[in-house]
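Descriptive structure summary
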Amino acid sequence: MRAERLTNLFDAHQQRLYRLALRLTAEAEEARDLVQETFLRLASQRGALPATDSHAEGWLVKTLVHLCRDRERRLRVRRRFQTSPPPPTSDSSGTPETRVVARDAVQKALARLSPRRRAVIVLHELDDRDTTEIGRLLGLTPVTVRWHLHAARGDLKKILRDKEERDEDQALK
Amino acid sequence: MKTKLSNDNQKLRELLRQGDPARDESALDPREVARMRRELLSRAAERGRQLPFGGWRTAVVVASLAIVVLVALYATDVIFPGPEHAESARQATTGTPSGQSSDEDRTPEVALNEASEPAPERVTETPVQPLRAETVPSTEQVEPIEVARNDATDPRTGDSPAEPPQARTIHFTAQGGTQIIWTLDPELEL
């Protein structure tokens, strides 16, 4: 019974969760690991599984965002103890405007947001979810979601504007 | 990217959509999905094997706690106040077991209750003996001086009206001249 419920939840939500994980991490392998870990947590949790699909989706999204946050903390600590800093990714200096460049810039800008704020803007801008639904998924009030959304937009605009100015300066040189 | 970014949220959305990582790769590989499902089922089966032990252990802990709480409540007479407990509680209050009465051991409350039961005349003829001889004199040393009776007869009709019982008072005088006044409550019921 429980196994059947688990497989039903997996089939219903794995693709959507994978897309969210991919947008949060920008790496396919990491996204797969996050999705698998999320469902394994669901299988290992004590007590009954979430009763409805809506509750289950909220539980899965929250767990995925928490796992993403934990992963970034581990990466941050690992980078701190590395002997040499990671090489700067001089990606698109002087290159023409391409989608690859834009994608890289957007991913880097998104990576500078906190996982929760990133999840809010990804769910809103890329997954077309309204603030009420995002609040339900992340366990936040709609007001808090709107606040995160406003702050995330401001952060992203600033990050992208700075990058644009740097690119222009390098192009002039 | 060289286009000047504006504050327009629509442009930001277009930019985000343009750089969406899931735009090209939005689905898991079917083999990967099958592997994850197998892993999920094996984890669920593993948890199912662990459940009986965990449930049994939880049940033992809960039952032990319940037994401890019941024993503690029984020991403190919070629950199960049996007759022997009531008797011991009564003995602790009166100092005598039920069915026995010692004139020397009677407390003033017991004496007062016993004195209120018989007829009013008995009050004047046989004063009750107090419990403590050192504080209250014995029968020979006490002489009743007055009994206030309220059952007055109607002078016009000569009938005694059926009135509710009135409070009675008993006055004693001890050897040293100490006046002792007992007021008997007619409403007192044993």
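Residues numbered from 1 in each chain as written. Chains lettered and ligands numbered in written order. Predicted model: local features only at pLDDT ≥ 70, side-chain atom pairs only at ≥ 80, totals over all residues.

As a further point, take the overall build of chain B. From N to C terminus, chain B includes 5 helices and 3 strands. Start at the N end of chain B and walk to the C end: the helices and strands fall as α-α-α-α-α-β-β-β. Counting over 190 residues, chain B shows a buried share of 10%. Counting contacts in chain B only where the partners sit at least 6 residues apart, residues at least 24 apart contribute 39% of the total. (Helix = DSSP H or I, 4+ residues; strand = E, 2+ residues; numbered from the N terminus. Buried ≥ 20, exposed ≤ 12 C-beta atoms within 10 Å, placed from the backbone. Contact = placed C-beta atoms within 7 Å.)

Moving on: the interface of chain B and chain A. Chain B puts 31 residues into the contact, and the matching count from chain A is 38 residues. Counting residues per element, the ones that place at least two in the side of chain B that touches chain A are helix H1 (9–18) and helix H2 (30–75) of chain B. Looking at the side of chain B that touches chain A, the element that brings in the most residues is H2 of chain B, giving 12 residues. Residue composition of the side of chain B that touches chain A, grouped by class: 15 nonpolar, 6 polar and 10 charged. (Nonpolar A, V, L, I, M, F, W, Y, C, P; charged D, E, K, R; others polar.)

The subject of this paragraph is the packing of helix H7 (residues 142–172) of chain A against H1 of chain B. Running from amino to carboxyl end, H7 of chain A crosses H1 of chain B at an angle of 70 degrees, the nearest separation of the two axes being 11 Å. In terms of orientation, H7 of chain A lies roughly perpendicular with respect to H1 of chain B. Mapping the contact onto sequence places Arg153, Leu156, Lys157 and Leu160 of chain A in H7 of chain A and Asn9, Leu12 and Leu15 of chain B in H1 of chain B. Split by residue class, the contact of H7 of chain A with H1 of chain B holds 4 nonpolar, 1 polar and 2 charged. (Axes fitted to C-alpha atoms, helices over the stretch in contact; angles between N-to-C directions. Parallel < 35°, antiparallel > 145°, perpendicular 65-115°, else oblique.)

Another aspect to go through is the confidence of the model for chain A. Any residue range with low pLDDT should be treated as having predicted coordinates unsuitable for detailed reading. Mean pLDDT over chain A: 83, with 89% of residues reaching 70 or higher. The secondary-structure element of chain A with the lowest mean pLDDT is helix H4 (residues 99–111) of chain A, recorded at 79, while helix H6 (residues 131–138) of chain A shows the highest, at 92. (pLDDT = per-residue confidence, 0-100.)

Attention shifts here to the nonpolar core. Ala21 and Leu64 of chain A are the most contacted members of the largest nonpolar core, which totals 47 residues. In this structure, Leu64 of chain A is in contact with Leu17, Leu20, Ala21, Leu34 and Thr38 of chain A, ignoring residues within four places of it in sequence. (Core = buried A, V, L, I, M, F, W, Y, C linked by C-beta atoms within 7 Å.)

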